[in-house]
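Listed below, chain by chain, are the residues.
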Amino acid sequence: MRNENCIFCKIAAGEIPSATLYEDEDFRVFLDLGPANDGHALIIPKEHYANLLELPEELCGKAMVIAKKLAKRLKDFTGADGVNIVNNNGEAAGQSVFHFHVHVIPRWKNDGKFPLWIPGELTDEVRDKLVEEFKKNPLV
Ligand code: DGP
């Protein structure tokens, strides 16, 4: 499955060059062209899925294993203090390339890059509504 207009499909297929760190039959890992920090890498499936919600579950598991191993290697190699694993789904959530990808971003103390969100407050009303809903309709 492939989308002819998708730049990540072309990168996945090797038609557009990328600084590739890892590749197997299902995934390619390469360096982000607009990195938040040195070592910022992207994990993409070779097949086209717009986002996590469309990604088959077996590939979700595999992507997370690659993210874990990559995070460890990048942290060790760059000497980073921490690593963010980020996945944006939908324009409202900051996704700009609509082919599922996971960002793996080395972080240094006080690198000033981002807080991903400004913490709010969990209200009783919202908490009760959500807990009730998930009790009624279990996730798995
Ligand atoms: P997102 O905003 O979560 O959809 O992230 C898309 C990322 O993809 C963004 O950090 C920049 C990166 N990117 C976009 N086009 C290219 C490209 O052609 N090559 C590479 N290596 N990265 C790209």
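Basis of the calculations
Residues numbered from 1 in each chain as written. Predicted model: local features only at pLDDT ≥ 70, side-chain atom pairs only at ≥ 80, totals over all residues. Heavy atoms only, no water. Near = heavy atom within 4 Å. Polar contact = N/O pair within 3.5 Å; in protein donor to acceptor, adjacent residues only side chain to side chain. Areas by Shrake-Rupley, 256 points an atom, 1.4 Å probe, with all protein chains shown as cover. 1 Å grid on protein atoms, 1.4 Å probe; cavity = no way out; pocket = protein on both sides within 12 Å on 5 of 7 lines; lining within 4 Å. Sits in = over half its atoms within 2 Å of the grid points. Helix = DSSP H or I, 4+ residues; strand = E, 2+ residues; numbered from the N terminus. Nonpolar A, V, L, I, M, F, W, Y, C, P; charged D, E, K, R; others polar. Points joined across faces, edges and corners; volume = space filled by probe spheres on them.

A.B. asks: Help me out: how do you make sense of the site of the ligand in this one?
C.D. replies: Around the ligand sit 15 residues, and of these Leu 31, Asp 32, Asn 88, Ser 96 and His 103 come closest. One of the backbone N or O atoms of Leu 31 is found 2.9 Å from a nitrogen atom in the ligand. Residue Gly 94 places a main-chain N or O atom 3.0 Å away from an oxygen atom belonging to the ligand. Here the ligand, which alone exposes 510 Å², has 80% of that area covered by the protein. Because more than half of its atoms lie within 2 Å of the grid, the ligand is assigned to the second largest pocket. Contributions of two or more residues to the shell around the ligand are made by α1 (7–12) and β2 (27–31). For the shell around the ligand, the leading source of residues is α1, giving three residues. Grouping the amino acids of the shell around the ligand by side-chain chemistry returns eight nonpolar, six polar and one charged.

A.B. asks: Just to check I follow, could you spell out the layout of surface pockets for this structure?
C.D. replies: If a probe the size of a water molecule is rolled over the atoms, the empty space left behind becomes visible. Roughly 340 Å³ of volume is contained in the largest pocket. Looking at the largest pocket, the residues that line it are Leu 21, Tyr 22, Leu 31, Gly 39, Val 65, Ile 66, Lys 69, Leu 70, Arg 73, Leu 74, Phe 77 and Thr 78. Counting residues per element, the ones that place at least two in the lining of the largest pocket are β1 (20–23) and α2 (57–78). Among the elements that line the lining of the largest pocket, the one with the most residues is α2, at eight residues. For the lining of the largest pocket, the per-class residue count stands at eight nonpolar, two polar and two charged. Approximately 290 Å³ is the volume found for the second largest pocket. Around the second largest pocket, the lining comprises 19 residues; the ones closest to its centre are Phe 8, Phe 30, Asp 32, Leu 33 and Leu 42.

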